[in-house]
Amino acid sequence: MADKRFDVVVLGAGSAGEVVAGALLEAGRRVAVVERALVGGECPYVACMPSKAMLRSAWTERMRPRPIAEAFAAAVSRRDTVAAGRDDAEQAADLERSGAVLVRGEGRLAGPGRVEVGERTLMAADVVVATGSTAVMPPVEGIDSVPVWTSDQALSSPDRPASLAILGGSAVGCELAQVYARFGVRVTLIEMAERLVAREEPELGEMMAATLRGDGVEMRLGVRAERASAEAPGVAILLSDGTRVLAERLLAASGRRPNVDGIGLDSLGVKAAKAGLEVTRQGRVRGQDHLWAIGDVTGIAPFTHTANYQGRVVAGAVLGAATRADYRAIPRCVFTDPPLAAVGQTAAQAREAGIDVLTAGFDLTETARGYVDQPPRGRVLLVADRRARILVGAAMVGPNVDEIITEVSLAIRARITLAVLADVVHPFPTYSEGLEPALRELAAKAAAKR
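Residues numbered from 1 in each chain as written. Predicted model: local features only at pLDDT ≥ 70, side-chain atom pairs only at ≥ 80, totals over all residues. Heavy atoms only, no water.

What about the overall build of the chain?
Scanning the chain for helices and strands turns up 14 helices and 22 strands. For the chain, the C-alpha radius of gyration of 23 Å lies close to 22 Å, the compact-globule estimate for 450 residues. With respect to the principal axes defined by its C-alpha atoms, the chain has extents near 65 × 65 × 40 Å. Relative to its 450 residues, the chain shows a buried fraction of 52%. Restricting to contacts in the chain with at least 6 residues of sequence separation, those with at least 24 account for 64%. Carbon and sulfur atoms provide 50% of the accessible area of the chain, an area that totals close to 20,100 Å². (Helix = DSSP H or I, 4+ residues; strand = E, 2+ residues; numbered from the N terminus. Rg over C-alpha atoms; globule rule 2.2 N^0.38 Å. Buried < 20%, exposed > 50% of the residue type's maximum accessible area, 1.4 Å probe, protein only. Contact = heavy atoms within 4.5 Å. Areas by Shrake-Rupley, 256 points an atom, 1.4 Å probe, with all protein chains shown as cover.)

Right, here's the structure in full:
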């Protein structure tokens, strides 16, 4: 390598790494990016993009039925096209054309401003850790001895098992349950919480369960998987209530862990928490002046859009700007049909934070657009701070809510008053009109004398 000294070394070329590198390169900085796997990270190849391609294909096939085997093969072909065949050559070329020096291999911190990649040593004033996260197997006895997928493997495989047991009822588990069920797989979804998407409003979890049951998914809620064993047709899962689930294959969709092991944090005296690297609002690793962290490795709202946001914040901070991350309004979506979207605090979280909570809701099927489309379900729930007269949270299920949630995200981020929000005019006929009755109700409650 002709030049081993840079302004910034980015450890990881996933979405966050690409964003921070791009912003720094535009500002004229010399940047090296170290990547041991695929440039672009998991999102384009084995996560966000292929899962959305499969969900779209599953929806399309309901509109034009054809033999399931043929439909699934077409969906897999489209998925792999969207994922570029899991070939990062073009994305790597784009990164290098932008001016970055791409270094392939395992990167390891080796002291302040020092990164080792094999026998190479890269020096820089600042180092950004963007090593992402990895899907983990749940602590189920015997799970290593049965046919099991992580979500990454499921979204890379051409196989369509006859039956599938899914561990985990959050976003990934719900999305993949719907995909496989709609392609004729007998799916059992196992979730240890009493409801799906347990961190969201209870009503939304109930609606998600109703959606998946409508697709034929069997629910086993409030139980843990305790033991897995090889048994025809492939795997038997013993649950905490003493019952068993039989399936051809098991899919573990119960969590991810930040990639902090083996990257040399000890060389800087940094100890990562279980949730990830602790960072300031600028993205600086606590106790370090020139070490930064972005994306899933921080454990903060682990979504691609959060990673991209953190990349912009850190780039600004490295360049000397007073950028600070604000995580109050990071949207959360489950891209099932219909989708679920949420932002900010749930009503319970807001109460725990000492907020004088107001809530209001509206059925999206009661909008004019709902009357035309006749969707099976749709609901918006809003959470407000009575004293400040602002929104602090929202949750929705229904058509297009993954787009509508951005309006509420802006309202929370900018602390727009309920009175102003209640006066916003939405286009007719759209599902976004469903916000209006709930907002007017909140504005009236906030204005009323207590």
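Description of the packing of helix α1 (residues 15-26) against helix α9 (residues 304-318)
It is at 8 Å that the axes of α1 and α9 come closest, and there the two elements cross at 30°. In this view, α1 runs roughly parallel relative to α9, as classed from their interaxial angle. As for how α1 packs across α9, the hand of that crossing is right-handed. On α9, the residues touching S15, A16, V19, V20, A23 and L24 of α1 are T304, A307, N308, G311, R312, V314, A315 and V318. Grouping the constituent residues of the contact of α1 with α9 by class yields 9 nonpolar, 4 polar and 1 charged. (Axes fitted to C-alpha atoms, helices over the stretch in contact; angles between N-to-C directions. Parallel < 35°, antiparallel > 145°, perpendicular 65-115°, else oblique. Left-handed = near helix turned anticlockwise from the far one by under 90°. Nonpolar A, V, L, I, M, F, W, Y, C, P; charged D, E, K, R; others polar.)

Here's the deal with the pairing of strand β15 (residues 249-252)
Burial along β15 is two-sided: the face carrying R249 and L251 and the face carrying L250 and A252 are both buried. One ladder, built from 3 bridges, connects strand β8 (residues 148-150) with β15; its direction is parallel. Bridging from a neighbouring strand, V148 pairs with L250 of β15. Looking at chain direction, strand β9 (residues 163-167) and β15 are connected through 4 bridges and run parallel. Residue pairing for β15: L167 is matched across the bridge by A252. (Pairing = 2+ DSSP bridges.)

Observations regarding the packing of helix α3 (residues 48-63) against helix α4 (residues 68-82)
Packing of α3 against α4 leaves a shortest axis separation of 9 Å and a crossing angle of 150°. Of the two possible hands of crossing, α3 and α4 adopt the one that is right-handed. Touching M49, P50, A53, M54, R56, S57 and E61 of α3 are A71, F72, A75, V76, R78, R79 and V82, all from α4. Split into classes, the residues belonging to the contact of α3 with α4 amount to 9 nonpolar, 1 polar and 4 charged.

Side note on the side chain of D152
Here D152 is to be found in helix α6 (residues 151-154). Other than its neighbours up to four places away in sequence, D152 contacts E42, V46 and R256.

Here we look at the pattern of salt bridges
In total, this model carries 27 salt bridges according to the counting rule given. One salt bridge in this structure joins D241 and R220, with 3.0 Å as the shortest N-O distance. With D241 in the loop between β13 (235-239) and β14 (244-247) and R220 in strand β11 (residues 218-221), this residue pair connects regions lying 21 residues apart in the sequence. Given the relative accessible area of 41%, D241 is considered partly exposed. The class for R220 is buried, based on a relative accessible area of 15%. Here the residues in one salt-bridge network are E42, D152 and R256, joined through shared partners. (Salt bridge = Lys/Arg side-chain N within 4 Å of Asp/Glu carboxyl O.)

Observations regarding the environment of S267
With respect to the helices, strands and loops of the structure, S267 is situated in the loop between β16 (256-258) and β17 (291-293). For S267, a relative accessible area of 34% gives the class partly exposed. Ignoring sequence-local partners within four residues, the contact set of S267 consists of L109, A110 and G111. Engagement of the side chain of S267 in a polar contact is seen with the backbone oxygen of L109, the distance being 3.3 Å. (Polar contact = N/O pair within 3.5 Å; in protein donor to acceptor, adjacent residues only side chain to side chain.)

A word on the pairing of strand β19 (residues 340-344)
Across the 5 residues of β19, 5 count as buried, placing the element largely inside the fold. The pairing of strand β18 (residues 332-334) with β19 spans 3 bridges and is classified as antiparallel. Bridged to C333 within β19 is A341. Here β18 hands over to β19 after 5 residues, the two strands then running antiparallel side by side. Pairing between β19 and strand β22 (residues 390-397): 5 bridges, direction antiparallel. The residue bridging A341 from the neighbouring strand is M396, located in β22.

A closer look at the sheet that holds β18
Two modes of strand pairing occur in sheets, parallel and antiparallel, and in both the strands are linked by backbone hydrogen bonds. An order of β18-β19-β22-β21-β20 is seen for the 5 strands of this open sheet, with the pairing classed as antiparallel. Strands with a single pairing partner mark the edges of an open sheet, and in this sheet they are β18 and β20 (357-363). Along the sheet, successive strands turn relative to each other by an average axial angle of 15°, direction set aside.

Focus on the nonpolar core
Within the largest apolar cluster, 39 residues are counted, with the highest numbers of intra-cluster contacts made by I166, Y180, L196, L212 and L251. Secondary structure elements with two or more residues in this core: α3, α4, β9, α7 (171-182), β10 (186-191), α8 (202-214), β19 and β22. Take this core: its biggest share by element is 6 residues, from α7. Setting aside residues up to four positions removed in sequence, L196 forms contacts with G169, C174, L189, E191, G205, M208, A209, L212, M219 and L221. With 29 residues, the next largest nonpolar core counts A329, L391, V408 and L435 among its residues. (Core = buried A, V, L, I, M, F, W, Y, C linked by side-chain atoms within 4.5 Å.)

Examining the sheet that holds strand β12 (residues 225-229)
Pairing is antiparallel in the open sheet, where 3 strands are placed in the order β12-β13-β14. One side of each edge strand has no neighbouring strand; the edge strands of this open sheet are β12 and β14. Pairwise comparison of adjacent strand axes, ignoring direction, gives a mean angle of 20° for this sheet. Bridging between β13 and β14 involves 4 bridges; their strand directions are antiparallel. When the bridges of β14 are listed, A236 appears paired with L246.

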